[in-house]
Amino acid sequence: MRELAGKIDAACQAISAKYPERPKIGLILGTGLSGLSEQIDQQAVLPYEEIPHFPQSTVESHTGQLVCGKLAGQNIMAMEGRFHYYEGYSLQEVTFPVRVMKQLGCEILIVTNAAGGMNTQYSLADIMIIEDHINMLPENPLRGVNDDQLGPRFPDMSAPYDAELIQVAKASALSLDIPAQTGVFVAVSGPNLETRAEYRMLKAFGADVVGMSTVPEVIVAQHAGMRVLGFSVVTDLCLPDALEPVELSKILEVAAIGGERLSRLIPKDIETID
Ligand code: HPA
């Protein structure tokens with residue numbers, strides 16, 4: 001019945017053995033966005049294979065380790081590399097690290113991702129502060145028997161992204177002169193990119209950017225009562241009437257620019273959050 005709880009306990013024990021501090025913030029670094037971890041005063045680095053029940057990352061552009069230490073004066077743990085639905089994992093597996101972060105003490109989850117920009121006002125390498133999301137994945141991480149000790153059966157989704165943290169991020173971006181949009185993220189399963197007709201549909205649904213991650217982790221963080229701050233980096237422009245074929249190398253190149261911006265922005269946010 002409490003099978004998931006047992007797995008969370010085992011993972012937490014393994015991490016605590018190497019990093020006995022209580023982290024306050026959990027960070028998930030998306031595709032091409034791992035640069036921020038260089039700024040962490042690293043106290044422990046755990047490859048995912050050393051953490052019981054952690055899935056292994058199968059994507060080349062994702063390293064696959066948990067970095068624990070101090071960033072901007074706060075105890076944090078950062079996932080260098082995340083898990084995606086398209087890799088074949090269930091969403092319960094994809095979101096397992098969020099459960100572990102919460103149990104270790106994280107009150108806040110900061111998620112980042114590379115995403116395609118559908119809003120015509122957006123430019124390449126823009127940062128978008130995620131204000132809300134649309135879940136178009138064919139699964140839900142909370143499907144199945146609910147463990148009431150982990151969260152409620154029907155978690156509220158009226159404000160999955162914390163309004164105060166959004167304001168902090170906006171103010172930090174302004175003070176650092178980093179161009180930042182605020183908008184809606186839609187999650188699709190991938191791994192293929194979208195057709196022109198699909199981009200038109202997703203935009204009509206009300207989304208500004210599209211990506212293959214993040215929403216499952218945010219749903220679980222919300223279920224677990226964590227405050228969430230999310231950022232997308234616009235790595236390709238998804239303009240249906242002028243669509244160019246996407247290359248991963250180009251996405252990674254643009255992600256590096258956005259990643260550098262996030263490497264300045266996120267520490268500033270963390271410094272401000274109490
Ligand atoms: N679509 C889906 N996921 C993405 C995209 C996109 O255009 N760009 C980066 N991740």
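These notes cover the structure that comes with them.

Reading the values: rules and limits
Residues numbered from 1 in each chain as written. Predicted model: local features only at pLDDT ≥ 70, side-chain atom pairs only at ≥ 80, totals over all residues. Heavy atoms only, no water. Near = heavy atom within 4 Å. Polar contact = N/O pair within 3.5 Å; in protein donor to acceptor, adjacent residues only side chain to side chain. Areas by Shrake-Rupley, 256 points an atom, 1.4 Å probe, with all protein chains shown as cover. Helix = DSSP H or I, 4+ residues; strand = E, 2+ residues; numbered from the N terminus. Patch = residues over 30% accessible without salt bridge, like charges linked within 9 Å, V, L, I, M, F, W, Y side chains within 5 Å. Salt bridge = Lys/Arg side-chain N within 4 Å of Asp/Glu carboxyl O. Buried < 20%, exposed > 50% of the residue type's maximum accessible area, 1.4 Å probe, protein only. Core = buried A, V, L, I, M, F, W, Y, C linked by side-chain atoms within 4.5 Å. Contact = heavy atoms within 4.5 Å. Axes fitted to C-alpha atoms, helices over the stretch in contact; angles between N-to-C directions. Parallel < 35°, antiparallel > 145°, perpendicular 65-115°, else oblique. Left-handed = near helix turned anticlockwise from the far one by under 90°. Nonpolar A, V, L, I, M, F, W, Y, C, P; charged D, E, K, R; others polar. Phe/Tyr/Trp six-rings, centres within 6.5 Å; stacked < 30°, edge-to-face > 60°.

We now examine the site of the ligand. Taken together, the neighbourhood of the ligand is formed by A114, A115, G116, L193, E194, Y199, V210, G211, M212, T235, D236 and C238. At a separation of 3.2 Å, a nitrogen atom of the ligand approaches a polar backbone atom of G116. Take D236: an N or O atom from its side chain is 2.6 Å from a nitrogen atom of the ligand. Protein coverage of the free-state accessible area of the ligand, which is 260 Å², stands at 94%. When residues of the shell around the ligand are traced back to their parent elements, those giving at least two are β5 (108-117), β8 (209-211) and β9 (227-237). For the shell around the ligand, the element with the most residues is β5, which contributes 3 residues.

Taken together, the side chains of M136, M201 and F205 make up a nonpolar region of the molecular surface, amounting to roughly 260 Å² of accessible area. Looking at the element boundaries, M201 is found in helix α5 (residues 196-205). Overall, M201 belongs to the partly exposed group, its relative accessible area being 34%.

When a protein is soluble and globular, its nonpolar side chains tend to lie buried together. Counting residues in each nonpolar core, the largest one holds 76 residues, and the members touching the most others are L27, L66, M77, V100, L109, I110 and F231. Apart from the residues within four sequence positions on either side, I110 is in contact with I25, G26, L27, I28, L229, F231, I266 and I270. By size, the runner-up hydrophobic cluster in this structure holds 10 residues, among which are M118, V186, A207 and M212.

With that settled, the discussion passes to the packing of helix α4 (residues 163-176) against helix α7 (residues 248-272). Look at α4 against α7: their axes get within 9 Å of each other, and the N-to-C directions meet at 125°. When the axes of α4 and α7 are compared, the pair comes out oblique. Seen along the crossing, α4 lies across α7 with a hand that is right-handed. When α4 is examined against α7, the residues V168, A169, S172, A173, S175 and L176 are found in contact with a partner set consisting of R264, L265, K268, D269 and T272. Grouping the constituent residues of the contact of α4 with α7 by class yields 5 nonpolar, 3 polar and 3 charged.

Right, let's get into the pattern of salt bridges. In the structure shown here, the tally under the stated rule is 9 salt bridges. Here R2 ties to D147 by a salt bridge, and the two come within 2.8 Å at their closest N and O atoms. Taken together, the positions of R2 in the segment before α1 (3-18) and D147 in the loop between β6 (127-135) and α4 put the pair 145 residues apart, joining distant regions of the chain. Exposure remark for R2: the relative accessible area of 36% places this residue in the partly exposed category. Of the charged contacts in the structure, one is a salt bridge between E3 and K7, with a shortest N-O distance of 3.7 Å. Of this pair, E3 and K7 both sit in helix α1, 4 residues apart, which is roughly one turn of the helix. Given a relative accessible area of 58%, E3 falls into the exposed group. Taken together, the shared-partner salt bridges in this structure form one network comprising D162, E164 and R227.

Here we take up the packing of aromatic side chains. Under the criterion given, the structure shown has 5 aromatic pairs. Judged by centre distance (5.5 Å) and plane angle (80°), the ring pair of F83 and Y89 falls under edge-to-face. Across the pair, Y89 and F83 agree in class, each one buried.

Here we come to the side chain of D162. Along the chain, D162 falls in the loop between β6 and α4. Judged by relative accessible area, which is 17%, D162 ranks as buried. Contacts of D162, omitting those with residues within four sequence positions, involve R227 and V228.

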